[in-house]
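Each chain is listed here by its residues.
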Amino acid sequence: MTNTVPPTKPPHAAQSLPGRLTRTDDGALARFDYTGLRALVVEPDDEARDAIEGALRSIGIARTFGARSASHAIEIAADLDLDLMLCDVTLDYPEGDDGLSFVLDVREDRTPLDEDIPILFFAGDAGSFSVMEAKRLGVHDFLAKPVPLKRLESSLQRLMRDQFPTRVQPST
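A few words now on the packing of helix α1 (residues 46–59) against helix α5 (residues 149–163). Look at α1 against α5: their axes get within 10 Å of each other, and the N-to-C directions meet at 65°. As for the relative orientation of α1 and α5, their crossing is right-handed in sense. Residues Ala 55, Leu 56, Ser 58 and Ile 59 of α1 form the contact with α5, whose own contacting residues are Leu 149, Leu 152, Glu 153 and Leu 156.

Next up, the structure:
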């Protein structure tokens, strides 16, 4: 039995968005509507994956799906229409030994994931060559682990402004 999730509908700009008023990186106040967004967390470590999914839920992204590997992520993506992916740079992947190979396959439309899905990358060492390569592949942000909740929330806010502008309402 396939678990299919209906596509999310963005709210109308004129109505007030759900969610709390949040101060953004630039000091402005805004509401971010995470309602109905589906996020895939690809992380080989069970505890780290659970922590990231819990952090997403505390921010307001209630629909999270965890994958322990790129292959597992591909299985999940075959049954779901996902809005966002958070991926560890260190993965066991058949065509390569890291998350970069997986993201390259996503971007070149060789997986069931949408080739334009917004991606946040994370790793234990954010000072490596991987950062530049990830940016070249269109990864939205690169976060060093362990990821503080405030840093994850800031990154998600920037992603929301860039990728889902109808889900962001500045305070007036």
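Structure's up, so let's keep going.
Attention now goes to the sheet that holds strand β5 (residues 84–88). Taken in spatial order, the five strands line up as β4-β3-β5-β6-β7 in an open sheet, and their pairing is parallel. With partners counted over all chains shown, the strands left at the sheet margins are β4 (63–67) and β7 (141–144), one partner each. Put simply, the sheet's adjacent strands are angled 20° from each other on average, direction ignored. Two elements, β5 and strand β6 (residues 119–123), share four bridges in a ladder whose sense is parallel. Its bridge partner being in β6, Leu 86 is matched across the sheet by Leu 120. Packing against the sheet, helix α3 (residues 99–107) makes contact with β3 (38–42), β5 and β6, and its axis sits at approximately 170° to β6. Against the sheet, α5 touches β5, β6 and β7, its axis set at about 180° to β7.

This paragraph deals with the pattern of salt bridges. In total, this model carries 12 salt bridges according to the counting rule given. Ionic pairing is found between Asp 81 and Arg 38, a salt bridge with its closest N-O pair at 3.7 Å. Remark: Arg 38 occurs in strand β3 and Asp 81 occurs in the loop between α2 (70–79) and β5; sequence separation between them is 43 residues. Between Glu 133 and Arg 136 there is a salt bridge, with its nearest N and O atoms 2.5 Å apart. Placement of both Glu 133 and Arg 136 in helix α4 (residues 129–136) is noted, with a separation of three residues, approximately one turn of the helix. On the basis of relative accessible area, Glu 133 is assigned to the buried category, the value being 18%. When its relative accessible area of 57% is taken as the criterion, Arg 136 is described as exposed.

A cis amide bond links Lys 145 to the next residue, Pro 146, at an omega of -5°. Note on placement: Pro 146 falls in the loop between β7 and α5. If you check the backbone angles, Asp 109 has positive phi at about 60° while not being a glycine. Examined against the element boundaries, Asp 109 turns out to sit in the loop between α3 and β6. Overall, Asp 109 belongs to the partly exposed group, its relative accessible area being 46%.

Here is what the cut-offs are and how they apply
- Residues numbered from 1 in each chain as written.
- Predicted model: local features only at pLDDT ≥ 70, side-chain atom pairs only at ≥ 80, totals over all residues.
- Heavy atoms only, no water.
- Axes fitted to C-alpha atoms, helices over the stretch in contact; angles between N-to-C directions.
- Helix = DSSP H or I, 4+ residues; strand = E, 2+ residues; numbered from the N terminus.
- Left-handed = near helix turned anticlockwise from the far one by under 90°.
- Contact = heavy atoms within 4.5 Å.
- Pairing = 2+ DSSP bridges.
- Salt bridge = Lys/Arg side-chain N within 4 Å of Asp/Glu carboxyl O.
- Buried < 20%, exposed > 50% of the residue type's maximum accessible area, 1.4 Å probe, protein only.

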